[in-house]
Amino acid sequence: MALRDGARAAAPLVLPTFALGVSFGVLARSLGWGAVAPIVMSLVVFSGSAQFAAASVLAAGGGAVAAVASAALISARFLPIGLAIGPFLRGGRWRRALEGQAIVDASLPLASDAGRIDRARFLGATLPQFVAWQLGTVLGATGVLGDLDPEALGLDALFPVFFLGLLLPALRRDPGARTVAGLALVLTLVLVPLTPPGVPVLAAAVLALLGLRR
Amino acid sequence: MSGVWATIVGLALAMAVIKGAGPLLVGGRALPDRAPRVIALLVPALLTALVVVGTLADGDRLAVDARLAGVAAGGVALLARAPLVLALVVAMATTALVRAVA
């Protein structure tokens, strides 16, 4: 059953997502946000990178506009992902825009098979991540778990290793993938110090347009 | 606190637009021939960028820290065909250890 397959494929992300959610809740609490604001934020924004980016801008004295702009830029990578997934969702355009809200970083890698996306798998993969994120935020924001530091536990390495675990088989399977990955590697390394957070990943996504040349 | 709530509302709207715009624009139209190929290349491009940023980026600068050790250890485990969960455990333990002693 594709929905369950998607959830199972995303299972390794549950722990790091949960831990990151706890640390976001803890951070928000330490910034004096109270418990309600971070919990609501995790529900309606549902993106660790965006939420941390916005929180750090506000903590540094920036205003809401700066916080939203910074977080939106970091989230820009979801736009090409949405373009890729759109054709495979169900219903009219607005219904698809709604289903697109389930997009997370792992969506394409987990749900794509040679460029065709399995809608049920896509939705199934997001579900455990959503639950973990909410649960983590609640526990962190209410102070139930005290102050959890995911970095002390090495949890921050889990996301890149998970993505690496998906990348290696793709590289083995597809020579074209190796070219794109090599270019993305160089491009990202160059752009991280030169551009605001979020731009390097977006730029790497644009590289995929190389596929149009073949 | 009003800045916080304004941010939450504004960001929720922005995120909805970002995630919804793609499906809104292309949804329902026939898939162009080249699209599967582009999507299939989008995956390794995104994954590579996410690995690099997750390992070496610290805000807007590159930083070599315990994460690199952890990701490298996890990478070695993956190349040795270890199951993903084992590679994740290796990565986590290595990162925590390096951070503790460094």
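Parameters and conventions
- Residues numbered from 1 in each chain as written.
- Chains lettered and ligands numbered in written order.
- Predicted model: local features only at pLDDT ≥ 70, side-chain atom pairs only at ≥ 80, totals over all residues.
- Heavy atoms only, no water.
- Helix = DSSP H or I, 4+ residues; strand = E, 2+ residues; numbered from the N terminus.
- Buried < 20%, exposed > 50% of the residue type's maximum accessible area, 1.4 Å probe, protein only.
- Polar contact = N/O pair within 3.5 Å; in protein donor to acceptor, adjacent residues only side chain to side chain.
- Contact = heavy atoms within 4.5 Å.
- Axes fitted to C-alpha atoms, helices over the stretch in contact; angles between N-to-C directions.
- Parallel < 35°, antiparallel > 145°, perpendicular 65-115°, else oblique.
- Left-handed = near helix turned anticlockwise from the far one by under 90°.
- pLDDT = per-residue confidence, 0-100.
- Nonpolar A, V, L, I, M, F, W, Y, C, P; charged D, E, K, R; others polar.
- Phe/Tyr/Trp six-rings, centres within 6.5 Å; stacked < 30°, edge-to-face > 60°.
- Lys NZ or Arg CZ within 6 Å of the ring centre and 35° of its normal.
- Buried area = accessible area lost by both parts, 1.4 Å probe.
- Salt bridge = Lys/Arg side-chain N within 4 Å of Asp/Glu carboxyl O.

This brings us to the side chain of Thr55(B). Summarising the element assignment, Thr55(B) is placed in helix α2 (residues 35–56). Note on Thr55(B): relative accessible area 5%, which makes it buried. Among the polar contacts made by the side chain of Thr55(B), one reaches the main-chain carbonyl oxygen of Val51(B) at a distance of 2.7 Å. When residues no more than four places from it in sequence are discounted, the contact partners of Thr55(B) are Pro160(A), Ala63(B), Asp65(B), Arg67(B), Leu68(B) and Val71(B).

Attention now moves to the packing of helix α3 (residues 66–79) of chain B against helix α4 (residues 84–101) of chain B. Residues and elements named next belong to chain B. Orientation of α3 relative to α4, taken along the N-to-C sense of each, is 155°, at an axis distance of 7 Å. Considering the angle they form, α3 stands roughly antiparallel to α4. Crossing handedness for the pair α3 and α4: right-handed. Along its contact with α3, which presents Ala66, Arg67, Ala69, Gly70, Ala73, Gly74, Ala77 and Leu78, the element α4 presents Leu84, Ala87, Val90, Ala91, Thr94, Thr95, Val98 and Arg99.

All names here are of chain B. Tracing the backbone shows Leu68 in helix α3. Assessed through its relative accessible area of 33%, Leu68 is described here as partly exposed. Note: C-alpha distance between Leu68 and Val52 (16 residues apart in sequence) is 9.6 Å. With sequence-adjacent residues up to four places away left out, Leu68 is seen in contact with Thr55 and Leu56.

A few words now on the confidence of the model for chain A. On average, chain A scores 92 in pLDDT, and the residues at 70 or more come to 97%. The least confident element of chain A is helix α12 (residues 199–207) of chain A, whose mean pLDDT is 88; the most confident is helix α3 (residues 36–44) of chain A, at 98.

This part covers the packing of α12(A) against α2(B). In contact at an axis separation of 8 Å, α12(A) and α2(B) are set at 155° when each is read in the N-to-C sense. By the angle between their directions, the pair α12(A) and α2(B) is classed as roughly antiparallel. Considering only the axes of α12(A) and α2(B), their crossing is right-handed. Contacts from Val201(A), Ala204(A) and Ala205(A) in α12(A) reach Leu42(B), Ala45(B), Leu46(B), Ala49(B), Leu50(B) and Val53(B) in α2(B). For the contact of α12(A) with α2(B), the class distribution of residues is nine nonpolar, no polar and no charged.

Moving on to the packing of aromatic side chains. All names here are of chain A. All chains considered together, the criterion is met by five aromatic pairs over all chains. Relative to Phe130, the ring of Phe46 has its centre 4.9 Å away and its plane inclined at 75°; by these criteria the two rings are edge-to-face. Placement of Phe46 in the loop between α3 and α4 (48–59) and of Phe130 in helix α9 (residues 119–141) is noted, with a sequence separation of 84 residues between them. Here Phe46 falls in the buried class, since its relative accessible area comes to 10%. Residue class for Phe130 comes out partly exposed when judged on its relative accessible area of 28%. It is Arg77 that lies over the ring of Phe78; its NZ or CZ is 4.6 Å from the centre.

In this complex, chain B contributes 68 residues to the contact, which on the side of chain A involves 86 residues. Here chain B packs against chain A, burying approximately 6,700 Å² in sum over the two surfaces, 79% of which is carbon and sulfur. Inspection of the region where chain B meets chain A yields two salt bridges. Arg99(B) is the partner of Asp156(A) in a salt bridge, and the nearest nitrogen-oxygen pair spans 2.8 Å. Applying the counting criterion to the chain B and chain A interface returns six residue pairs in polar contact (both at pLDDT 80 or more). If you list the elements that add at least two residues to the side of chain B that touches chain A, you get α1 (2–26), α2, β2 (61–62), α3 and α4 of chain B. Looking at side-chain class alone, the side of chain B that touches chain A contains 45 nonpolar, 15 polar and eight charged residues.

In this structure, Val138(A) sits in helix α9. Taking C-alpha positions, Val138(A) is 26 Å from Phe163(A), a pair spaced 25 residues apart along the chain.

What follows is about the pattern of salt bridges. Applying the stated criterion to the full structure yields eight salt bridges over all chains. We note a salt bridge from Arg77(A) to Asp105(A), for which the minimum N-O separation is 2.6 Å. Separated by 28 residues along the polypeptide, Arg77(A) in the loop between α5 (64–74) and α6 (78–85) and Asp105(A) in the loop between α7 (93–99) and α8 (107–111) bring together distant segments of the chain. The same class applies to Arg77(A) as to Asp105(A), namely buried. A salt bridge links Arg37(B) to Asp174(A); the nearest nitrogen and oxygen atoms lie 3.3 Å apart. Taken together, the residues span two chains, with Arg37(B) in helix α2 and Asp174(A) in the loop between α10 (158–173) and α11 (175–191). Its relative accessible area of 28% is what places Arg37(B) among the partly exposed residues. Within this structure, Arg95(A), Glu99(A) and Arg119(A) form a network of salt bridges that share partners.

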